[in-house]
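So the chains spell out like this:
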Amino acid sequence: MRKPLVVALCALALAGAGATPAVAAAPSPTGADATTGTAPATPLTDLVNDTVGAVADTVSGLTAPKAGAVNFAGTVSLSNCSGSVVRMPDSAASDPALVLTNGHCLESGFPAPGQVLTDRASSRTFGLLNASGAKVATLRANRLVYATMTDTDAAIYRLSSTYAQIKSAYGIDPLTLSGTRPAAGTAISVVSGYWKRIYSCSVDGFAYRLKEGDWTWKDSVRYTSACDTIGGTSGSPVVDDATGKVVAVNNTGNEDGGRCTVNNPCEVDENGGVTVRQGINYAQQTYPFTACFTTGNRLDLSASGCTVPKP
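No experiment lies behind these values; they were computed from the predicted model shown.

About the thresholds
- Residues numbered from 1 in each chain as written.
- Predicted model: local features only at pLDDT ≥ 70, side-chain atom pairs only at ≥ 80, totals over all residues.
- Heavy atoms only, no water.
- Disulfide = S-S within 2.5 Å.
- Helix = DSSP H or I, 4+ residues; strand = E, 2+ residues; numbered from the N terminus.
- Buried < 20%, exposed > 50% of the residue type's maximum accessible area, 1.4 Å probe, protein only.
- Polar contact = N/O pair within 3.5 Å; in protein donor to acceptor, adjacent residues only side chain to side chain.
- Contact = heavy atoms within 4.5 Å.
- pLDDT = per-residue confidence, 0-100.
- Phe/Tyr/Trp six-rings, centres within 6.5 Å; stacked < 30°, edge-to-face > 60°.
- Lys NZ or Arg CZ within 6 Å of the ring centre and 35° of its normal.
- Salt bridge = Lys/Arg side-chain N within 4 Å of Asp/Glu carboxyl O.

Enquirer: Looking at this structure, how should I read the state of the cysteines?
Expert: Disulfides are covalent bonds that link the sulfur atoms of two cysteine residues. Tallying each qualifying case throughout the model produces 4 disulfides. Disulfide pairing is shown between Cys81 and Cys105; the S-S distance is 2.1 Å. The sign of the -85° torsion about the S-S bond sets the Cys81-Cys105 disulfide as left-handed. One end of the pair, Cys81, is in the loop between strand 1 (75-77) and strand 2 (82-87); the other, Cys105, is in the loop between strand 3 (96-101) and strand 4 (116-121), with 24 residues separating them in the sequence. One disulfide in the model links Cys260 with Cys266; its S-S distance is 1.9 Å. On the S-S bond that ties Cys260 to Cys266, the torsion sits near 100°, and the link is right-handed. The same class applies to Cys260 and to Cys266, which are both buried. Here the cysteine-cysteine linkages of the chain are recorded as 1-2, 3-4, 5-6, 7-8, numbering only bonded cysteines and doing so in sequence order.

Below you can see the structure in the form of structure tokens.
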């Protein structure tokens, strides 16, 4: 799972050396951005994260690949992951905005296999980025709408701001979730708000089942090798370069060639055959969520066509 160990001194050393940051995946999430109240104090962990973010800006400016029309507008940085402000195909400007990231990026820890969380209070904050990757605002959630690591690896938060309010204040539109399944060969960009870096590659194919530790995901997107995502890219939107729509959410990769272990997922086919692809990275498709949200961006798990796991 693509999450960083947030160590500012290591990041600073890397920046001084002019090297691409190589960070390990943390075994559990941090909760540094889970704050409450209207005027919270700035904890030490937030200062550390801000320092790392500033270093990431410098490093990514030297190393980030350029990805055509795809940019950072609408993506967000979390304390431990990446994400994006998203809308469903039928969302209205007056709807409360949604943020998409991974289920394993929850501030409360990894959901257990089989666990689905819905409608939970949240005051999580997100750094909103503009097209060039500069942070222009801090957005705050009021609910965790949905989260799971079963069959998929996704979390969706509801913000206290509407799409129209974000657009009026910052000139930034949300990314739209595609309502259709991506195809093999599609040119894609993985846009990390945490590292302010864009990875460009193609959909190589799909894993019938992707198993990592105790978790199993279905119909996962497999990237071609050019998308060599690292810790901190978890939750990044995977954007179809041709349409500009989100088709998946980046979540993991096989780091060491291990077989079906944490940070070393394996592919399992319909007959139970196992394939290990060291250095290859994966995402979870997002089109199923478009059938699960109704008027006002309300989650309706009983809606026709909604196939995501249910509590």
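Enquirer: Hey, could you run me through the side chain of Ser234 in this one?
Expert: Relative to the helices and strands, Ser234 resides in the loop between strand 11 (215-223) and strand 12 (237-240). Here Arg2 takes part through its backbone oxygen, which lies 2.3 Å from a polar atom of the side chain of Ser234. Excluding residues within four positions of it along the chain, Ser234 makes contact with Met1, Arg2, Lys3, Cys81, Ser82, Thr101, Asn102, His104, Cys105, Asn250 and Asn251.

Enquirer: Can you help me understand the confidence of the model for the chain in this one?
Expert: Caution is warranted with low-pLDDT regions, since their predicted coordinates should not be read in detail. A residue-level look at the chain finds 79% of positions with pLDDT of 70 or above and a mean pLDDT of 85. Confidence drops under pLDDT 50 across residues 5-67; counting only partners more than four residues distant or on other chains, this segment forms 94 contacts.

Enquirer: What am I meant to see in the packing of aromatic side chains here?
Expert: What characterises a pair of aromatic rings is the spacing of the ring centres plus the angle enclosed by the ring planes. Following the criterion strictly, the structure yields 4 aromatic pairs and no others. Summarising the aromatic geometry, the rings of Phe126 and Tyr157 are spaced 5.3 Å apart at their centres and angled 65° between planes, so their arrangement reads as edge-to-face. Placement of the pair is Phe126 in strand 5 (residues 125-129) and Tyr157 in strand 7 (residues 154-162), with a sequence separation of 31 residues. Under the relative-accessibility criterion, Phe126 is labelled buried at 1%. For Tyr157, a relative accessible area of 0% puts it in the buried group. Lying across the ring of Phe206, Arg181 places its NZ or CZ 4.0 Å from the centre.

Enquirer: I keep staring at unusual backbone geometry and nothing clicks. Help me out?
Expert: Backbone phi values are negative for most residues with the exception of glycine, while trans is the configuration of most peptide bonds. Of note, Cys260 is a non-glycine position whose phi angle comes to about 70°, a positive value. Structurally, the position occupied by Cys260 is in the loop between strand 13 (246-253) and strand 14 (266-268). One non-glycine residue, Asn297, adopts positive backbone phi at about 60°. As for its position among the elements, Asn297 is in the loop between strand 17 (293-294) and strand 18 (298-299).

Enquirer: Looking at this structure, I do not really get the side chain of Thr75. What am I missing?
Expert: For Thr75, the position within the fold is in strand 1. Residue Thr75 is classed as buried on the basis of its relative accessible area, which comes to 1%. A distance of 2.6 Å separates the side chain of Thr75 from the backbone oxygen of Phe72, its partner in a polar contact. With residues near it in sequence (within four places) discarded, Thr75 still touches Gly83, Ser84, Gly127, Leu128, Leu129, Val191, Gly193 and Pro237.

Enquirer: Would you take a moment to explain the pattern of salt bridges for this structure?
Expert: Pairing of side chains with opposite charge becomes possible as their charged atoms draw close. Tallied over the entire structure, the rule returns 9 salt bridges. Its salt-bridge partner being Arg222, residue Glu267 comes within 3.0 Å of it at the nearest N-O pair. With Glu267 in strand 14 and Arg222 in strand 11, this pair connects stretches of sequence that are 45 residues apart. On the accessibility criterion, Glu267 (8% relative accessible area) is buried. Because the salt bridges share partners, they merge into one network encompassing Asp204, Arg222, Glu267 and Arg277.

Enquirer: I tried to follow the environment of Arg181 on my own but got confused; where do I start?
Expert: With respect to the element layout, Arg181 can be found in the loop between strand 8 (175-176) and strand 9 (187-192). Sequence separation between Arg181 and Thr286 is 105 residues; the distance between their C-alpha atoms is 8.2 Å. Each residue touching Arg181, except ones within four places of it in the same chain, is listed here: Phe206, Asp219, Gln285 and Tyr287. A polar side-chain atom of Arg181 sits 2.8 Å from a polar atom in the side chain of Asp219.

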